Amino acid sequence: MPRRVSDQYRTAFVTGASSGLGGAFAEMLLAEGVRVWGTARDPARVAGLVPRHPGQFTPVGLDLADAAAAERVFLAAEKVAGGFDLVINNAGYGVFGAFAETDFAVWQAQLEAILAATLRLAHAAVRGMRARNRGCLVNVSSLAVEFPLPFMSGYNAAKAGLSAFSESLLMETRGTNLTVIDFRPGDYRTAFNQAMPSTVSAQLPADPRRTRVWRILESNLAAAPAPARAAADLRRALIRGRSGTVRSGSFFQARLAPLFARMAPDAGRRFVAAWYFGLR
Ligand SMILES: NC(=O)c1ccc[n+]([C@@H]2O[C@H](COP(=O)([O-])OP(=O)(O)OC[C@H]3O[C@@H](n4cnc5c(N)ncnc54)[C@H](OP(=O)(O)O)[C@@H]3O)[C@@H](O)[C@H]2O)c1
């Protein structure tokens with residue numbers, strides 16, 4: 001069994017490396033001796049990693065809002081790297097809002113960025129890995145696949161789609177040298193809530209139910225583990241080197257809640273979730 005991630009993977013492309021989980025993944029990989037290409041919409045946001053890891057980190061500007069451009073950026077970096085052994089589709093954001101009251105263009109942009117553009121990067125990544133007959137693709141999904149969040153319907157739909165996609169690819173790549181990891185974090189203390197589009201806060205005073213849910217999401221994130229824990233979970237999964245679903249987070253969110261979601265009848269799971277968010 002490999003002892004360091006770099007025993008298995010020498011080059012990695014990590015989207016959304018400027019903050020939160022992606023930042024922790026990049027730091028973990030760099031500490032493990034992997035050469036990392038890390039993205040942010042503004043590459044200046046990841047430039048600080050260059051002097052700390054001379055010759056080991058390359059900043060990349062990539063915006064999921066333009067999937068075709070994002071693919072071109074990926075392919076150009078892949079050429080320079082001589083192929084990526086590891087691709088982590090981590091970049092993403094959420095939209096918080098009532099479904100009907102939020103402009104559909106906002107939901108569409110959400111789906112196009114975090115589902116369609118992410119799949120397009122996965123397509124480019126897997127093409128390269130198949131050609132080299134080796135590699136690992138990690139898609140960062142969410143516990144929201146098992147416990148969908150109220151007022152985040154577009155986000156839930158995108159993450160459920162991403163996990164379903166990983167599930168298909170897991171089967172397609174069985175018996176090959178390609179590894180696919182559906183990585184599902186629970187709550188982590190990142191900038192995720194602050195990065196929600198501003199339309200959200202404008203809606204907040206209008207509906208006490210929505211306000212209550214938002215406050216619960218805020219307090220959950222404030223009390224959640226630091227992203228380094230997700231990086232440690234991912235490191236273990238990479239060293240294990242097996243395709244599959246990896247749940248990461250507090251014991252309650254990474255173990256008990258998914259178990260409950262699988263065992264409980266749908267009506268029971270929905271009742272508990274609605275009770276939790278005060279949506280009776
Ligand atoms: N935190 C949690 O509790 C949690 C739970 C489950 C799943 N997740 C998932 O984990 C991933 C990372 O989120 P996080 O919590 O670390 O949030 P974060 O701290 O807000 O980081 C998000 C990252 O994604 C990048 N990003 C956002 N929108 C982008 C876009 N349109 N195009 C390209 N890059 C974009 C950001 O880069 P720039 O803003 O610098 O461009 C940033 O590096 C996301 O996929 C999220 O859905 C998070």
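It should be noted that the structure appears before, not after, this text.
Residues numbered from 1 in each chain as written. Predicted model: local features only at pLDDT ≥ 70, side-chain atom pairs only at ≥ 80, totals over all residues. Heavy atoms only, no water.

For the protein, the helix and strand inventory stands at 11 helices and 7 strands. Its C-alpha radius of gyration of 19 Å places the protein within 12% of the 19 Å reference for a compact globule of 280 residues. Across its three principal directions, the C-alpha atoms of the protein cover 55 × 40 × 30 Å. By the burial criterion, 52% of the 280 residues in the protein qualify as buried. Considering only intrachain contacts with a sequence separation of at least 6, the fraction spanning at least 24 residues in the protein is 72%. Entry remark: accessible area of the protein is about 13,100 Å², with carbon and sulfur atoms responsible for 57%. Positive and negative side-chain charges in the protein, numbering 33 and 21 respectively, have mean positions lying 6 Å apart. (Helix = DSSP H or I, 4+ residues; strand = E, 2+ residues; numbered from the N terminus. Rg over C-alpha atoms; globule rule 2.2 N^0.38 Å. Buried < 20%, exposed > 50% of the residue type's maximum accessible area, 1.4 Å probe, protein only. Contact = heavy atoms within 4.5 Å. Areas by Shrake-Rupley, 256 points an atom, 1.4 Å probe, with all protein chains shown as cover. Lys, Arg positive; Asp, Glu negative; His and termini not counted. Charge placed at Lys NZ, Arg CZ, Asp CG, Glu CD.)

Formed by 42 residues in total, the largest nonpolar core has its most connected members in Phe13, Phe74, Phe84, Val87 and Phe96. Put simply, the parts of the chain that give this core at least two residues each are helix H4 (67-81), helix H5 (104-132), helix H6 (153-172), strand S6 (178-185) and helix H8 (208-222). Sort the elements by how many residues they give to this core and H5 lands first, with 10 residues. Residues contacting phenylalanine 13, with those up to four places away along its chain left out, are Trp37, Thr39, Val60, Leu62, Phe74, Ala77, Phe84, Leu86, Val87 and Ile88. Residues Leu21, Val34, Tyr188 and Ile239 belong to the second largest nonpolar core, which totals 33 residues. (Core = buried A, V, L, I, M, F, W, Y, C linked by side-chain atoms within 4.5 Å.)

For the ligand, the set of nearby residues contains 29 residues, the closest of which are Ser18, Ser19, Asn90, Tyr155 and Thr190. Between serine 19 and the ligand, the recorded distance is 2.5 Å, taken from a side-chain N or O atom to an oxygen atom. Between the ligand and the protein, one listed contact pairs an oxygen atom with a side-chain N or O atom of threonine 190 at 2.6 Å. Isolated, the ligand exposes 880 Å² of accessible area, and the fraction of that covered by the protein chains is 94%. (Near = heavy atom within 4 Å. Polar contact = N/O pair within 3.5 Å; in protein donor to acceptor, adjacent residues only side chain to side chain.)

What follows concerns the environment of glycine 128. Along the chain, the position of glycine 128 falls in helix H5. Expressed as a C-alpha distance, the spacing of glycine 128 and glutamate 78, which sit 50 residues apart in the sequence, is 8.4 Å.

As summarised here, the arrangement of the 7 strands in space is S3-S2-S1-S4-S5-S6-S7, forming an open sheet in which the pairing is parallel. The open sheet has two edge strands, strand S3 (57-61) and strand S7 (244-248), and neither has a second partner. For this sheet, the mean inter-axis angle between neighbouring strands, taken without regard to orientation, is 15°. As defined by bridge partners, strand S5 (residues 135-140) adjoins S6 across 6 bridges and the pair is classed as parallel. (Pairing = 2+ DSSP bridges. Axes fitted to C-alpha atoms, helices over the stretch in contact; angles between N-to-C directions.)

We now examine the pairing of strand S1 (residues 11-14). Where burial is concerned, the two faces of S1 agree: the one with Thr11 and Phe13 and the one with Ala12 and Val14 are both buried. Both S1 and strand S2 (residues 35-40) contribute to a ladder of 4 bridges, which runs parallel. Bridged to threonine 11 within S2 is arginine 35. For the crossover that starts at S1, traverses helix H2 (residues 20-31) and ends in the parallel S2, the hand is right-handed. Relative to strand S4 (residues 86-89), S1 is paired through 3 bridges, and the arrangement is parallel. Bridge pairing in S4 links valine 14 to isoleucine 88. (Right-handed = clockwise from strand over helix to strand, strands pointing away.)

Relative to the helices and strands, glutamate 32 is located in the loop between H2 and S2. Judged by its relative accessible area of 11%, glutamate 32 is buried. Once you skip the residues sitting within four places of it in the chain, glutamate 32 turns out to touch Arg3, Arg4, Val5, Ser6, Arg235 and Ile239.

Moving on, we come to the pattern of salt bridges. For the coordinates displayed, the defined rule picks out 13 salt bridges. Note that arginine 10 is salt-bridged to aspartate 85, the shortest N-O span being 3.7 Å. You can see arginine 10 sitting in the loop between helix H1 (5-8) and S1 and its partner aspartate 85 sitting in the loop between H4 and S4, a full 75 residues away along the chain. Accessibility expressed as a relative area gives 5% for aspartate 85, which makes it buried. Here glutamate 146 ties to arginine 247 by a salt bridge, and the two come within 2.6 Å at their closest N and O atoms. Placement of the pair is glutamate 146 in the loop between S5 and H6 and arginine 247 in strand S7, with a sequence separation of 101 residues. In this structure glutamate 146 comes out as buried when scored by relative accessible area, which is 12%. Through salt bridges with shared partners, one network takes in Glu146, Asp182, Arg184 and Arg247. (Salt bridge = Lys/Arg side-chain N within 4 Å of Asp/Glu carboxyl O.)

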